[in-house]
Amino acid sequence: MERKEDSFRVTTSDDLEVSAYLEIAKQKAGEQPVAEKAPEADREAVVVIDFGSQYSMLIARRARECQVYSEVLPYDAPWQRIAALKPRGFIFSGGPASVYDPGAPLAPAHIYESHLPILGICYGMQVLGHQLGGRVARGTRHEYGHAILHQAAVESPIFADLPPSLPVWMSHGDQIVEMPPGFTTLGYTENSPVAAMGNEHGIIGLQFHPEVAHTPQGKEILKNFLYHVCGCSGNWTAGNFIAESVARIRKQVRKGRVICALSGGVDSAVTAALVHRA
């Protein structure tokens, strides 16, 4: 049986496939591709650690909209798989669990040991609080829907160039009741005294969901994390993905032949187009 690490599968996912498909279609129609400025070796990436959220792929999409490459990996992904992406930082997704549930998904030690920036969203924030020495408990009431986030007196790059109060989308039952050592409150709502927290090492937690449209300035918050905390400059496009994939296929196949099963769906259509181009 072929080992997983030897797979020649071209890694794609949801909207990334669509973006690549549209880019290829425009080039087929005669539109010249924009000269790419970032080879794979210099590609800036962040990894979304999935704790079971329905929004994990949306988080990755928002990162790509900020021109930073992103992939979603399961919370128990081995370090070798993560390191291959050469990430500049991590985003912990939300999730349906409670950190105190038996077998609740938690982040592996190698993520913290990497000393890279981390943004925890909702359950991801609670994971940070729980694993780094804080305390998570049930809130006095479940919070679901719109809330107004008020920035605390402490300035943070995560809220750079944003107003002192802004609407956000909440969806949680648990909340941080005691922050880990070294963390300070960055923002609060009427129901959540610690709706945002951070430390001087680039580890930030947000109780709300910046990735959804219901948080109008959420994309700016994510961009602040990517640019100001992770140090990304935004050098990735769907065109980069096409160029990287074609180069990778050529390297793997060399002078061999490829059999591509085409169903007509987006996944196989993108794969077929990339293989044909290679």
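Rules used in this analysis
- Residues numbered from 1 in each chain as written.
- Predicted model: local features only at pLDDT ≥ 70, side-chain atom pairs only at ≥ 80, totals over all residues.
- Heavy atoms only, no water.
- Helix = DSSP H or I, 4+ residues; strand = E, 2+ residues; numbered from the N terminus.
- Buried < 20%, exposed > 50% of the residue type's maximum accessible area, 1.4 Å probe, protein only.
- Areas by Shrake-Rupley, 256 points an atom, 1.4 Å probe, with all protein chains shown as cover.
- Salt bridge = Lys/Arg side-chain N within 4 Å of Asp/Glu carboxyl O.
- Contact = heavy atoms within 4.5 Å.
- Polar contact = N/O pair within 3.5 Å; in protein donor to acceptor, adjacent residues only side chain to side chain.
- Phe/Tyr/Trp six-rings, centres within 6.5 Å; stacked < 30°, edge-to-face > 60°.
- Core = buried A, V, L, I, M, F, W, Y, C linked by side-chain atoms within 4.5 Å.

Undergrad: Residue-level account of the overall build of the protein chain, with values.
TA: Per the secondary structure count, the protein chain includes eight helices and nine strands. Counting every position in the protein chain, which comprises 278 residues, the buried fraction comes to 48%. Accessible surface, the protein chain as shown: approximately 14,000 Å² in total, 53% of it carbon and sulfur.

Undergrad: Account for the pattern of salt bridges, with residues named and values stated.
TA: Where charged atoms from two side chains of opposite charge come close, those side chains can pair. Scanning all chains against the criterion turns up five salt bridges. Between Arg61 and Glu65 there is a salt bridge, and its shortest N-O distance comes to 3.3 Å. Of this pair, Arg61 and Glu65 both sit in helix H2 (residues 56-65), four residues apart, which is roughly one turn of the helix. Classification of Arg61 as partly exposed rests on a relative accessible area of 39%. The partly exposed category is assigned to Glu65, whose relative accessible area is 33%. Two residues, Glu65 and Arg62, come together in a salt bridge whose shortest N-O distance is 3.3 Å.

Undergrad: Describe the environment of Leu132, and please don't skip the residues or the numbers.
TA: The topology assignment puts Leu132 in the loop between helix H5 (123-131) and strand E5 (135-151). Take Leu132: its relative accessible area is 28%, and that puts it in the partly exposed class. Spatially, the C-alpha atoms of Leu132 and Met179 are 8.7 Å apart, while their sequence positions differ by 47 residues. In this structure Leu132 touches Tyr112, Pro180, Pro181, Phe183 and Ile203, once residues within four positions along its chain are discounted.

Undergrad: Residue-level account of the environment of Arg88, with values.
TA: By secondary structure assignment, the location of Arg88 is in strand E3 (residues 87-92). Counting along the chain gives 44 residues from Arg88 to Glu44, while the straight-line C-alpha distance between them is 6.6 Å. If sequence neighbours within four positions are ignored, Arg88 has contacts with Glu44, Ala45, Leu116, Pro117, Cys230, Gly231 and Cys232. Within the local environment of Arg88, its side chain forms a polar contact with the backbone oxygen of Gly231, the two atoms lying 3.2 Å apart.

Undergrad: Now, about the packing of aromatic side chains: what can you tell me, with residues and values included?
TA: Given two aromatic rings, their pairing is described by the distance between the two centres and the angle made by the two planes. Tallied over the full model, the rule gives five aromatic pairs. Centroid distance Phe51 to Phe92: 5.5 Å. Interplanar angle 80 degrees. Geometry classified as edge-to-face. Of the two residues, Phe51 sits in the loop between strand E1 (45-50) and H2 while Phe92 sits in strand E3, which places them 41 residues apart along the sequence. What makes Phe51 buried here is its relative accessible area of 4%. On the accessibility criterion, Phe92 (0% relative accessible area) is buried.

Undergrad: Please give an account of the nonpolar core that cites residues and values.
TA: Counting 32 residues, the largest nonpolar core has Leu119, Phe159 and Phe225 as the members making the most contacts within it. Mapped by element, the contributors of at least two residues to this core are E1, H2, strand E4 (118-121), E5, strand E6 (165-178), strand E9 (203-206) and helix H6 (218-229). Here the element with the most residues in this core is H6; it accounts for five residues. If we skip the residues at most four places from it in the chain, Leu119 touches Phe90, Ile91, Phe92, Ile158, Ile204, Leu206, Leu222 and Phe225.

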